[in-house]
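Next come the chains, spelled out residue by residue.
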Amino acid sequence: RFIVRGKGVDVWDVGDNQIIDWGMGLRSVILGHAHPEIIDAVSHHLPMGSNFIRPSPIEIDLAEALVDLIPCAEMVKFSKNGSDATTAAVKLARAYTNRDIVIRCVDHPFFSVDDWFIGDTPCDAGIPNTVKELTKHFRYNHFEDLEKLVAQFSGKIACVIMEIATTEPPKTGFLEAVRKLTAEHGIILIFDEIISGFRFHPKGAQFYYNVTPDLATFGKALANGFSVAALVGRRDLLELGGLTHDKPRVFLLSTTNGAETHSLAAALKSIEIQKDGAVSGHIWRIGQLLIDGFNAITHEFGFEKHLHMKGFGCSPYIQFLDEKEQTDLGLRTLFLQEMIQQGILAPYFAISAAHTETHIAQFLESLGKIMPTLINAVEKQCIDNLII
């Protein structure tokens, strides 16, 4: 239940048990735990202090690296987490358009801890109804849903916020249509790339799919587990958070620890390692091997109706289904439990540069070993009895 340390794809718990990690720090550790080049970069800055009352040059270095890399990036603002970055994007959109309504993609599970998002989820306790009413949602790949909302709330929509792709690819022309519609109605398009950034491509999924938003947020893989996120986008939008204009000012971000130099150093080194695309290419390849191998085994056991791996090579996921083809959380729990007994921690799959074909083989071998237990549990309807 507690992890003490990690190296590469291996982690050790409090009992010093070694486990292969597929979750990789909530998808943030894209290069591997305790990557030596990242540790060296961080160690270089720590003796010099980590937090100053005035900007450090490394802020400029990292901002320039992101502007050079990300298609939509003209300016950059840093924060410590993705929630602050996405909320800052929404705030800028509202200030720029002088509109209040936010439209978000309901199929994308998380954008922020803040009220504008949480108020449109089942966990909405404590949020005023007046705030809840300002957020609407549409389904991914259902462009007609978005069109209806834009028509219904014409002239009142500040922004559309969505991930570019999560579990399924965009239909042909979907992203392009979203971009065209938002531009025509003066709506700010925000792409949340907290997860997709660097996994799909070092320049982001926006480059991979060739659709450029007005604002975008990056985090997680940006600094290989160190706490930094970035809001990037159009200069005329981000400048509203500055001082050099005569418009009403946006209080963008001013966090005490927002510009800790060691986190920025981790991000700068991480970008340097990833920018040639080799890491992303490796992740896509390893992930596809995992998907193909996983599905071959479940098919071999005749269990593909209940257990199937889908998604992108860079971001695979498992479907756990019952007899009615509904999500079976009990089967998922049993799977996780049995995999841990095999020395594998796989709550989800965030493939890193440190995962290799050897790790794929180990995972597939373990999957084969636990399949009889899973099949027996489903056939005898005794899943709950097997969960410790």
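Our structure's up above, just so we're on the same page.
These notes cover the structure that comes with them. These numbers come from a predicted model, not from an experiment.

Things to note about the nonpolar core
- By size, the foremost hydrophobic cluster in this structure holds 94 residues, and its most contacted members are Trp 22, Phe 335 and Phe 363.
- Per element, the largest residue contribution to this core is 10 residues, and it comes from helix H14 (residues 357-379).
- Here Trp 22 is in contact with Leu 290, Ile 344, Leu 345, Ala 346, Tyr 348, Phe 349, Ala 350, Ile 351, His 355, His 359, Ile 360 and Phe 363, once residues within four sequence places are set aside.
- Formed by 25 residues, the second largest nonpolar core is a distinct cluster that contains Ala 89, Leu 92, Phe 111 and Leu 240.

So, the packing of helix H13 (residues 329-341) against H14
- Between H13 and H14, the least distance of the axes is 10 Å, while the angle of their chain directions is 135 degrees. In terms of axis orientation, H13 runs oblique to H14. Both H13 and H14 take part in a crossing whose hand is right-handed. From H13, Leu 331, Leu 334, Phe 335, Glu 338 and Met 339 reach across to H14, where they touch Phe 363, Ser 366, Leu 367, Ile 370, Thr 373, Leu 374, Ala 377 and Val 378.
- Looking at the contact of H13 with H14 residue by residue, the class counts come to 10 nonpolar, two polar and one charged.

Observations concerning the pattern of salt bridges
- As enumerated under the stated definition, the model contains 14 salt bridges in all.
- Between Asp 236 and Arg 234 there is a salt bridge, with the nearest N and O atoms lying 2.8 Å from each other.
- Across the pair Arg 285 and Glu 357 runs a salt bridge whose closest N-O atoms are separated by 2.7 Å. With Arg 285 in helix H12 (residues 278-300) and Glu 357 in helix H14, the pair connects residues that are 72 residues apart, well separated along the chain.
- Take Arg 285: its relative accessible area is 40%, and that puts it in the partly exposed class.
- A single salt-bridge network, built from bridges that share partners, covers Arg 179, Asp 214, Arg 234 and Asp 236.

Observations regarding helix H3 (residues 57-69)
- Across its 13 residues, H3 extends 19 Å between first and last C-alpha, which sits within 8% of the 18 Å expected from 1.5 Å per residue.
- Burial in H3 covers these residues: Ile 58, Glu 59, Leu 62, Ala 63, Ala 65, Leu 66 and Leu 69. Considered in projection along H3, the buried side chains sweep an arc of 160 degrees and stay on one side of the axis. Residues of H3 that are exposed and point more than 90 degrees away from the buried face comprise Pro 57 and Asp 68.

Some remarks on the side chain of Glu 163
- Take Glu 163: it is sitting in the loop between strand S7 (157-162) and helix H8 (174-184).
- In this structure, Glu 163 is in contact with His 108, Pro 109, Phe 110, Phe 111, Tyr 140, Asp 192 and Ile 195, ignoring residues within four places of it in sequence.

Description of the sheet that holds strand S3 (residues 18-21)
- Within the open sheet, the four strands sit side by side as S1-S2-S3-S13. Their pairing is mixed. Across the chains shown, the open sheet's two edge strands, defined by having one partner strand only, are strand S1 (3-7) and strand S13 (344-345).
- Both strand S2 (residues 10-13) and S3 contribute to a ladder of three bridges, which runs antiparallel. Residue pairing for S3: Val 11 is matched across the bridge by Ile 19.

Comments concerning unusual backbone geometry
- Positive phi, close to 75 degrees, is recorded for Arg 27, a residue that is not glycine.
- Looking at the secondary structure, you find Arg 27 in helix H1 (residues 24-27).
- Positive phi, normally seen in glycine, also occurs at Asn 224, with a value near 50 degrees.
- Mapping Asn 224 onto the fold places it in the loop between strand S9 (215-218) and strand S10 (229-233).

Some details on the sheet that holds strand S6 (residues 135-138)
- The sheet built from seven strands is open, its strands ordered S4-S10-S9-S8-S7-S5-S6 with mixed pairing. Strand pairing shows two members of the sheet lacking a second neighbour, strand S4 (75-79) and S6, which therefore form its edges. Within the sheet, the average angular offset between the axes of one strand and its neighbour, ignoring direction, is 20 degrees.
- Pairing geometry for S9 and S10, over four bridges, is antiparallel. Looking at S10, one finds that Phe 218 is bridged to Ala 230.
- Across the sheet, H8 touches S6, S7 and strand S8 (188-193), and the angle it forms with S7 is around 165 degrees.

Description of the environment of Leu 92
- Relative to the helices and strands, Leu 92 resides in helix H4 (residues 82-97).
- Leu 92 sits in the buried class, given a relative accessible area of 0%.
- Counting along the chain gives 242 residues from Leu 92 to Leu 334, while the straight-line C-alpha distance between them is 45 Å.
- The contacts of Leu 92, once residues within four sequence positions are left out, are Leu 215, Leu 231, Leu 237, Leu 238, Leu 240, Gly 241, Val 250 and Leu 252.

Details of the packing of helix H2 (residues 36-45) against helix H11 (residues 261-274)
- Viewed as axis vectors pointing N to C, H2 and H11 meet at an angle of 145 degrees, and their least axial separation amounts to 8 Å. Crossing handedness for the pair H2 and H11: right-handed. Contacts from Glu 37, Ile 38, Ala 41, Val 42 and His 45 of H2 reach H11 at Thr 261, His 262, Ala 265, Ala 266, Lys 269, Ser 270 and Ile 273.
- Its residues assigned to classes, the contact of H2 with H11 shows six nonpolar, four polar and two charged.

Thresholds, definitions, all that
- Residues numbered from 1 in each chain as written.
- Predicted model: local features only at pLDDT ≥ 70, side-chain atom pairs only at ≥ 80, totals over all residues.
- Heavy atoms only, no water.
- Core = buried A, V, L, I, M, F, W, Y, C linked by side-chain atoms within 4.5 Å.
- Buried < 20%, exposed > 50% of the residue type's maximum accessible area, 1.4 Å probe, protein only.
- Helix = DSSP H or I, 4+ residues; strand = E, 2+ residues; numbered from the N terminus.
- Contact = heavy atoms within 4.5 Å.
- Axes fitted to C-alpha atoms, helices over the stretch in contact; angles between N-to-C directions.
- Parallel < 35°, antiparallel > 145°, perpendicular 65-115°, else oblique.
- Left-handed = near helix turned anticlockwise from the far one by under 90°.
- Nonpolar A, V, L, I, M, F, W, Y, C, P; charged D, E, K, R; others polar.
- Salt bridge = Lys/Arg side-chain N within 4 Å of Asp/Glu carboxyl O.
- Expected span 1.5 Å × (residues − 1).
- Arc of directions from axis to C-beta.
- Pairing = 2+ DSSP bridges.

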